[in-house]
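# Summary of the model geometry
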Amino acid sequence: MPIYLILIIPFLYAVGWIYWYFRHGKPSSELPKALSFHKITDLPELGGTFNTTYQFESYMKFLKRNGYATGKISELLKDRSGKKVLIFFDDAYENVYLKAFPIMKKFGFTGVLCPIVDYIGRENQWDRGINRFKHMTREMLIEMKEEGFEIISHSSSHRDLRKLTDGELETETAGSKKKLEEILLTEIDYFIYPFGLYDKRVKRAVKNAGYKGAFASYNEKNNRIDRFAIGRNTMYIIDTLFDLKIIIERKPLFLFGHEDQKGRIINWFSRFSGVIKI
Ligand SMILES: [Zn+2]
């Protein structure tokens, strides 16, 4: 094999890492620690946005053993002592209720459920592949809320909000908040952008709808906090306990950069799952 072929891979990797460093920056210790999960299931799906029950349990065990605790979003945004973590369940799948909920209870953890209002109790429309996944019902959401889980809005229909008209955008932001509050009889204070995608207009709509903050998939800049685009790290099927350790401790910087960039790349592709609707 010619020598340049052997050298090109580490070269491209190094360029990618340097690009990450200058584009997103060294993480500030002030950034809230937030992990995001999608499906907890032993049935595979094509996007890789799932974790097995065994894997999820081992992550929770790791967090518990290492002294981490969960809490409410508002508490964590104030107290960033380093041993608090937010655990998000994007799209609020039924398997989170069936598989993750008992595990979380066992470890005394709570999390943040992010239902898509029009899909509560229904099957999703965007997963291609062999298995279709159901979303939690209203009753499941209420039961978990009573156990201390927090519920926030993940829009009405999970579309790329940047591409919508002003009216549609209002339905997805203010409309989903109002509907969720009616269904669950609780205040809905935070929002999550579908696919982590937003722009200035989308952010403004979220602020105008009365939310106290919003979450994206990753921080635009790791060295400062944008209350209306707080980043999280998504856990994928390929992530080992070692990956979790690097993500949660955010060190050493070289490995954190690797993890953060890896997640951003996988997340970048997730937007295409919304384009093809079956
Ligand atoms: Zn989502």
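See the structure above.
Reference entry: report on the structure contained in this document.

## Things to note about the coordination of the zinc ion
Around a metal, the ideal angle is 109.5 degrees if four donors adopt a tetrahedral arrangement and 90 or 180 degrees if six donors adopt an octahedral arrangement. Taken together, the protein ligands of the zinc ion are Asp91 (OD), His154 (NE2) and His158 (NE2), with distances of 2.1 to 2.2 Å. Each donor residue of the zinc ion belongs to the same chain, with the gaps between them written as D-x62-H-x3-H. Judged by relative accessible area, which is 7%, His158 ranks as buried.

## Topic: the packing of aromatic side chains
The final tally for this structure, using the stated rule, is 21 aromatic pairs. An aromatic cluster of at least three residues, connected via ring pairs, comprises Tyr13, Trp17, Trp20, Tyr21, Phe22, Phe254 and Phe256. Across from the ring centre of Phe101, 4.5 Å away, lies the NZ or CZ of Lys105, which sits over that ring. The ring of Phe88 carries Arg232 above its face, with NZ or CZ at 4.8 Å from the centroid.

## Observations concerning the sheet that holds strand β5 (residues 112-114)
Taken together, the 5 strands give an open sheet; going across it, the order is β6-β5-β4-β1-β9, and neighbouring strands pair in parallel fashion. Each edge of the open sheet is held by one strand with a lone partner, namely β6 (150-151) and β9 (233-234). Alignment of β5 against β6, held across 2 bridges, turns out to be parallel. Bridge pairing links Leu113 to Ile151 in β6.

## Examining the pattern of salt bridges
For side chains bearing opposite charge, pairing can occur when the charged atoms are close. As enumerated under the stated definition, the model contains 19 salt bridges in all. Between Asp166 and Arg201 there is a salt bridge, and its shortest N-O distance comes to 2.5 Å. Residue Asp166 is located in helix α6 (residues 166-184), and its partner Arg201 is located in helix α7 (residues 200-208); the two are separated by 35 residues in the primary sequence. Overall, Arg201 belongs to the partly exposed group, its relative accessible area being 25%. For Arg264, the salt bridge is made with Asp260, and the minimal N-O distance between the two is 2.8 Å.

## Let's talk about helix α1 (residues 3-24)
Along an α-helix, residues three or four apart share an orientation, since each turn contains 3.6 residues. End to end, α1 covers 32 Å across 22 residues, agreeing with the expected 32 Å (1.5 Å per residue, within 8%). Along α1, the residues classified as buried are Trp17, Trp20 and His24. In the core, the buried residues of α1 are packed alongside α9 (253-270). Looking one or two residues beyond α1, the residue adopting positive phi is Gly25, at roughly 80°.

## A look at the pairing of strand β4 (residues 86-90)
Taking burial as the measure, the 5 residues of β4 include 5 buried ones, the bulk of the element. In β4, alternate side chains face the same way, and those of Leu86, Phe88 and Asp90 on one face and Ile87 and Phe89 on the other are all buried. Two strands pair when backbone bridges link them, and strand β1 (residues 34-37) and β4 are joined in this way by 4 bridges, in the parallel orientation. Looking at β4, one finds that Phe37 is bridged to Phe89. Bridging between β4 and β5 involves 3 bridges; their strand directions are parallel. Looking at the pairing, Phe89 lines up with Leu113 of β5. After leaving β4, the chain enters helix α4 (residues 94-107) and then returns to the sheet as β5, a path that is right-handed.

## Details of unusual backbone geometry
With an omega of -5°, the peptide bond running from Lys251 to Pro252 counts as cis. With phi around 60°, Phe195 is a residue other than glycine that occupies positive phi space. Within the secondary structure layout, Phe195 lies in the loop between β7 (190-192) and α7.

## A word on the side chain of Thr110
Residue position: Thr110 is located in the loop between α4 and β5. Accessibility expressed as a relative area gives 19% for Thr110, which makes it buried.

Basis of the calculations
Residues numbered from 1 in each chain as written. Predicted model: local features only at pLDDT ≥ 70, side-chain atom pairs only at ≥ 80, totals over all residues. Heavy atoms only, no water. Donors = N, O, S within 2.8 Å, 3.2 Å for Na, K, Ca; no water. Buried < 20%, exposed > 50% of the residue type's maximum accessible area, 1.4 Å probe, protein only. Phe/Tyr/Trp six-rings, centres within 6.5 Å; stacked < 30°, edge-to-face > 60°. Lys NZ or Arg CZ within 6 Å of the ring centre and 35° of its normal. Pairing = 2+ DSSP bridges. Helix = DSSP H or I, 4+ residues; strand = E, 2+ residues; numbered from the N terminus. Salt bridge = Lys/Arg side-chain N within 4 Å of Asp/Glu carboxyl O. Expected span 1.5 Å × (residues − 1). Contact = heavy atoms within 4.5 Å. Right-handed = clockwise from strand over helix to strand, strands pointing away.

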